[in-house]
Amino acid sequence: MAVKLTKNEQKKQKDSLKQFQRYLPTLQLKKQQLQLVIRQAENQIAELREEQKKVIGTLDRWIAVYGENELFSAEKSIGTLIKVKEVRKTWTNVAGVRVPVFDSLEFEDIRYSLREYPLWVDGAIFALRDIAKFDALIMTLEEEIRLLDKELRTTSQRVNLFEKVKIPEAKENIRVIGIYLQDQQTAAVVRGKIAKKKLVKAG
């Protein structure tokens, strides 16, 4: 885009450059902060998945016994005794982004008869609730990552815009206007000298 080759435009470009250079470090810091929090959330998810695997491992033996017993119908699957009623979340602010934080998990109150289930059903239910809690924690962190990643893309685009377009453009405009104004000033001096010589000759 062509710029006006005037002192006013030169000042405007210098002001813009100062603004870009002042704002860029804030954007870069925000970008770093977002990247850090996303990495932390990803590491947390990996840890939670490992812990969840351990809990699932404790269920394997019980489920194998349960699954092999034909007396237990599909309607009486242990999974039917666990139903999430509500995932409670709070919200916090990370680098200007509103993100969810897992608070608690509420389950439906499902009654069952110990005559219809094996003795270890209580322990299995506690383990299944732990597994469901891990799922809720992981889903909340994944939601946080999605929101932060969206903001990170926007922030990265702004950083690139400032670094690769706006700042170089403003510097180039200032340089071009400066050269033009210098040439105009030199031409004015030359014209002045020529006029002075003409006056001397005429005198």
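Residues numbered from 1 in each chain as written. Predicted model: local features only at pLDDT ≥ 70, side-chain atom pairs only at ≥ 80, totals over all residues. Heavy atoms only, no water.

### Points about the overall build of the protein
Along the protein, the regular secondary structure elements total two helices and two strands. Element order for the protein, N to C, with α for helix and β for strand: α-β-β-α. The C-alpha radius of gyration computed for the protein amounts to 35 Å, which surpasses the reference 17 Å derived for 203 residues by more than 25%, pointing to a less compact arrangement than a globule. The C-alpha extent of the protein, read off along each of the three principal axes, is 130 × 25 × 20 Å. (Helix = DSSP H or I, 4+ residues; strand = E, 2+ residues; numbered from the N terminus. Rg over C-alpha atoms; globule rule 2.2 N^0.38 Å.)

### Comments concerning the environment of Val84
Take Val84: it is sitting in strand β1 (residues 84–94). On the basis of relative accessible area, Val84 is assigned to the partly exposed category, the value being 38%. (Buried < 20%, exposed > 50% of the residue type's maximum accessible area, 1.4 Å probe, protein only.)

### Points about the nonpolar core
With 23 residues, the main nonpolar core has Leu34, Val94 and Leu148 as its most contacted residues. Counting residues per element, the ones that place at least two in this core are α1 (7–68), β2 (97–107) and α2 (121–202). Among all residues touching Val94, those that are not within four sequence positions of it are Leu34, Val37, Val99 and Leu148. Counting residues in each nonpolar core, the second largest holds 10 residues, with Leu81, Phe102, Leu105 and Ala132 among its members. (Core = buried A, V, L, I, M, F, W, Y, C linked by side-chain atoms within 4.5 Å. Contact = heavy atoms within 4.5 Å.)

### Remarks on a nonpolar patch on the surface
Together, Leu5, Val176 and Tyr180 make up an exposed nonpolar region whose accessible area comes to about 210 Å². Secondary-structure assignment places Tyr180 in helix α2. (Patch = residues over 30% accessible without salt bridge, like charges linked within 9 Å, V, L, I, M, F, W, Y side chains within 5 Å. Areas by Shrake-Rupley, 256 points an atom, 1.4 Å probe, with all protein chains shown as cover. Salt bridge = Lys/Arg side-chain N within 4 Å of Asp/Glu carboxyl O.)

### Here we look at the pairing of β1
Taken residue by residue, a regular strand's side chains alternate between the two faces of the sheet. With 10 bridges joining them, β1 and β2 adopt antiparallel strand pairing. Its bridge partner lying in β2, Glu86 is registered against Glu106. (Pairing = 2+ DSSP bridges.)

### Some details on the packing of aromatic side chains
Enumeration according to the criterion identifies two aromatic pairs in this entry. For the pair Phe20 and Phe162, a centre-to-centre distance of 5.2 Å together with 75 degrees between the ring planes defines the contact as edge-to-face. Of this pair, Phe20 sits in helix α1 while Phe162 sits in helix α2, and the two are 142 residues apart along the sequence. The burial state of Phe20 is the same as that of Phe162; both residues are buried. Put simply, the rings of Phe20, Tyr23 and Phe162 touch in pairs and so form one group of aromatic residues. Arg98 extends its terminal NZ or CZ atom over the ring of Trp91, reaching a point 4.4 Å from the ring centre. (Phe/Tyr/Trp six-rings, centres within 6.5 Å; stacked < 30°, edge-to-face > 60°. Lys NZ or Arg CZ within 6 Å of the ring centre and 35° of its normal.)

### As for the side chain of Gln52
Structurally, Gln52 is set in helix α1. Gln52 sits in the buried class, given a relative accessible area of 9%. A polar atom in the side chain of Gln52 sits 2.8 Å from the side chain of Asp135. Apart from residues no more than four positions distant in its own chain, Gln52 is found in contact with Ile131, Phe134, Asp135 and Ile138. (Polar contact = N/O pair within 3.5 Å; in protein donor to acceptor, adjacent residues only side chain to side chain.)

### Examining the pattern of salt bridges
Under the defined criterion, the tally for this structure stands at 11 salt bridges. Among the salt bridges present, the one from Glu151 reaches Lys30, with a minimum N-O distance of 2.7 Å. Here Glu151 is found in helix α2, whereas its partner Lys30 is found in helix α1, with 121 residues between them in sequence. For Arg49, the salt bridge goes to Glu142, with nearest N and O atoms at 2.9 Å. On the criterion of sequence distance, the pair formed by Arg49 in helix α1 and Glu142 in helix α2 is long-range, its members being 93 residues apart. When its relative accessible area of 29% is taken as the criterion, Glu142 is described as partly exposed.

### With respect to the environment of Ile82
Here Ile82 is to be found in the loop between α1 and β1. Remark: the alpha-carbon pair of Ile82 and Ile125, spanning 43 residues in sequence, is separated by 7.0 Å.

The values reported here are purely geometric and, on their own, carry no functional implication.
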